[in-house]
Each structure stands twice: as structure tokens, then as C-alpha cells.
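Here are the chains, one letter per residue:
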Amino acid sequence: MKWILLTLISTSVFAQIKYSQGKFAPFTFKDQNFKSLLIKSAQELNIRLVIGDSAKGLDEKVFLKVNNPMTKLEMLELLSVLASERGLTLNTDENEWWVMHSRDMRYFPNKIVKKGEFPKSDEFILYYHQLKNPLSHDVSRNMRPFLSRYGRVISFGDGHSIILSDQANNVDRLIKIMDVMDKEVAVKNKVRHAREKSKLKMSDYQELKRKYEEAMVENKILREKAAPAEEVR
């Protein structure tokens, strides 16, 4: 993937956005595109901005009217949602932002975040979840309809471990869904189903064995009936 590193140069067109003493002052942003908003925000925070060449939607116009001061975190959350609406992902580090098409996040080293520390944004993160019951294969399979468009879920052979790669705003919801499915009764139902399936297979085998034995008896009778005729020849 090619990247475009933007050199952030102050221009008068961005004068309406100002960051001072830990907050963005109230501002109105209009008649400019999303790319301009990203550039000015990164410039005010003294952060390097990197845009992947697959990132589209940056030229769409944005209208924002912010009436109250915003912290850096609140601004990041806002920019992340605006990016997501355009099929983009804004991934952040302390000193650098990356903007790319959301479908490319599967190839990007997302940061691992612990439960309770998820950013309130559409940034993609990695989260490791430990189930109480050995249901990781079943849970991960049933989780797929609840993932965001480019989210991923991976289960491990130990039966308890699951890794989610999805937007932070969605991961907390996914955890709640997993907790609903992570029940001891589900394990019991799975074991009972396996036993019933095993019995069914055994009954199928016994039926096949019975038919085989009947065929052998019929074949023996036919041979005995055919024996005199063969002796005459």
C-alpha cells in the first residue's frame, strides 16, 4: 500500500480551528473538505498525518458547528466517526495518525486494547476475550452477523479464546453478545447433541449390518437352490 505523508503548513483558510490549553475552541467549519479538517486538526495537535492512497471520500465537504470547547479525545472521536461515514478509518497513536480505507484494516497492525479502555470511536482495535466455557468455535461462528463490515472474529483451539478485530464502538456490544452465549447450559446442550448424533450413527451402522446379514442369507439360499442345476450341466 502506498502512503502519502502530508507536510502540515499553516494557512489562513484553517484559521477557524484553534487548540490551546488542552482544548479546541468552539468553531464553525464549512465549505471545505474532510481532508482539510484532518490536516488542520493534526497541525493544531502537532501530530504527523499519513494518508493511504486507497483512502477515498476525503474531498467530500464537511459542515461542523461546535459550540463548546472540545478536548483532544473528543475531537479524535468526532473525526473517527466522520471518517467511518466515508468508508475510512482513522487510527491514532500519540504522535501520528493514519487514514486508510476500512477494508485495509485487516492488513494493519491494530493496537490491542483491554476491556474498559476502548476509545469511543470507530477506530479499529484488537481485543482478546476469554470465555468461561469451551464454546469459542460456536460463539465466533454466531458472532459474524454482528461484526461491522470489515470486522473479524477468530477462535482458538483451546475452546475459550477469541480475538476480535473491529471498530471500538462495536466491540463493547460484541462482548455483551458473547456473554449472553457463554453459558454452561450451552455446553450441556452441545454434549447432549453430540451424544444423540453418535447414537444415530451407531443405529445407522446397526441397520446397515442387519441388511448386510440378510443379503448374505438370501445369497446363500440362492446358491443352494442353484447347486442342482449346476450339477446337471
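Please read all numbers here as calculations on a predicted model, not as lab measurements. (Residues numbered from 1 in each chain as written. Predicted model: local features only at pLDDT ≥ 70, side-chain atom pairs only at ≥ 80, totals over all residues. Heavy atoms only, no water.)

## Quick look at the overall build of the protein
Along the protein, the regular secondary structure elements total five helices and twelve strands. As displayed, the protein offers around 14,800 Å² of accessible surface, 53% of which is attributable to carbon and sulfur atoms. (Helix = DSSP H or I, 4+ residues; strand = E, 2+ residues; numbered from the N terminus. Areas by Shrake-Rupley, 256 points an atom, 1.4 Å probe, with all protein chains shown as cover.)

## A look at the pattern of salt bridges
Opposite charge on two side chains lets them pair, provided their charged atoms get close. This structure, assessed with the given rule, holds seven salt bridges. A salt bridge links Lys111 to Glu123, with the nearest nitrogen and oxygen atoms 3.1 Å apart. Pair noted here: Lys111 is in the loop between strand E9 (96-101) and strand E10 (124-130) and Glu123 is in the loop between E9 and E10, with a separation of twelve residues, a long-range link. Looking at Glu123, the relative accessible area reads 3%, which means it is buried. Asp138 is the partner of Arg141 in a salt bridge, and the nearest nitrogen-oxygen pair spans 3.5 Å. Of this pair, Arg141 and Asp138 both sit in helix H3 (residues 136-143), separated by three residues, roughly a single helical turn. (Salt bridge = Lys/Arg side-chain N within 4 Å of Asp/Glu carboxyl O. Buried < 20%, exposed > 50% of the residue type's maximum accessible area, 1.4 Å probe, protein only.)

## Remarks on helix H4 (residues 168-181)
Between the first and last C-alpha of H4 there are 21 Å, a value that for 14 residues agrees with the 20 Å anticipated at 1.5 Å per step. Every buried residue belonging to H4 is among Ala168, Asn170, Val171, Leu174, Ile175, Ile177 and Met178, and all of these are buried. Burial along H4 is one-sided: seen end-on, the buried residues are contained in an arc of 165°. Projecting away from the buried face of H4 at angles above 90 degrees are the exposed residues Lys176 and Val180. (Expected span 1.5 Å × (residues − 1). Arc of directions from axis to C-beta.)

## Examining the confidence of the model for the protein
Confidence in the prediction of the protein, expressed as mean pLDDT, is 81, and 74% of residues score 70 or more. In the model of the protein, strand E1 (residues 3-6) stands out as the element of lowest mean pLDDT, 46, in contrast to strand E3 (residues 23-24), which has the highest, 94. Confidence over residues 1-15 falls short of pLDDT 50; this stretch has 34 contacts with residues more than four positions distant or in other chains. (pLDDT = per-residue confidence, 0-100. Contact = heavy atoms within 4.5 Å.)

## Structural notes on the nonpolar core
In terms of nonpolar packing, the biggest core is built from 28 residues, with Phe34, Leu37, Trp97 and Val99 touching the most fellow members. At the level of secondary structure, the elements contributing two or more residues to this core comprise strand E4 (27-33), helix H1 (34-44), strand E5 (48-52), strand E6 (61-66), helix H2 (72-85), strand E8 (88-92) and E9. Core analysis: the next-biggest nonpolar cluster, separate from the first, contains 18 residues, Leu131, Val139, Val153 and Leu174 among them. (Core = buried A, V, L, I, M, F, W, Y, C linked by side-chain atoms within 4.5 Å.)

## Points about H1
Of all eleven residues in H1, ten are buried, a share of seventy percent or more. Listed in full, the buried residues belonging to H1 are Phe34, Ser36, Leu37, Leu38, Ile39, Lys40, Ser41, Ala42, Gln43 and Glu44. Once H1 finishes, Asn46 follows within two positions and takes phi at roughly 60°, a positive value.

## Quick look at the sheet that holds strand E2 (residues 19-20)
Note on sheets: strands pair through backbone hydrogen bonds, and any given pair is parallel or antiparallel. Read across the open sheet, the three strands follow the order E2-E3-E7; overall the sheet is antiparallel. Single-partner strands in this sheet number two, and they are E2 and strand E7 (70-71). Bridge count between E2 and E3: two bridges; the pairing is antiparallel. The partner of Ser20 across the bridge, within E3, is Lys23. (Pairing = 2+ DSSP bridges.)

## Notes on the sheet that holds E10
With antiparallel pairing, three strands are arranged side by side in an open sheet as E10-E12-E11. The open sheet has two edge strands, E10 and strand E11 (152-155), and neither has a second partner. Each neighbouring strand pair of the sheet contributes to a mean axis angle of 15°, computed without reference to strand direction. Across four bridges, the pairing between E11 and strand E12 (residues 161-167) is antiparallel. Bridge assignment links Val153 to a residue of E12, and that residue is Leu164. Relative to the sheet, H4 contacts E10 and E12, its axis offset from that of E12 by approximately 145°. (Axes fitted to C-alpha atoms, helices over the stretch in contact; angles between N-to-C directions.)

## Side note on the packing of H3 against H4
Where H3 contacts H4, the two axes come as close as 10 Å, and the packing angle between them is 135°. Between H3 and H4, the crossing angle belongs to the class labelled oblique. When the axes of H3 and H4 are compared, the crossing they make is right-handed. Contact residues: H3 offers Val139, Asn142 and Met143, while H4 offers Leu174, Ile177, Met178 and Met181. Split by residue class, the contact of H3 with H4 holds six nonpolar, one polar and no charged. (Parallel < 35°, antiparallel > 145°, perpendicular 65-115°, else oblique. Left-handed = near helix turned anticlockwise from the far one by under 90°. Nonpolar A, V, L, I, M, F, W, Y, C, P; charged D, E, K, R; others polar.)

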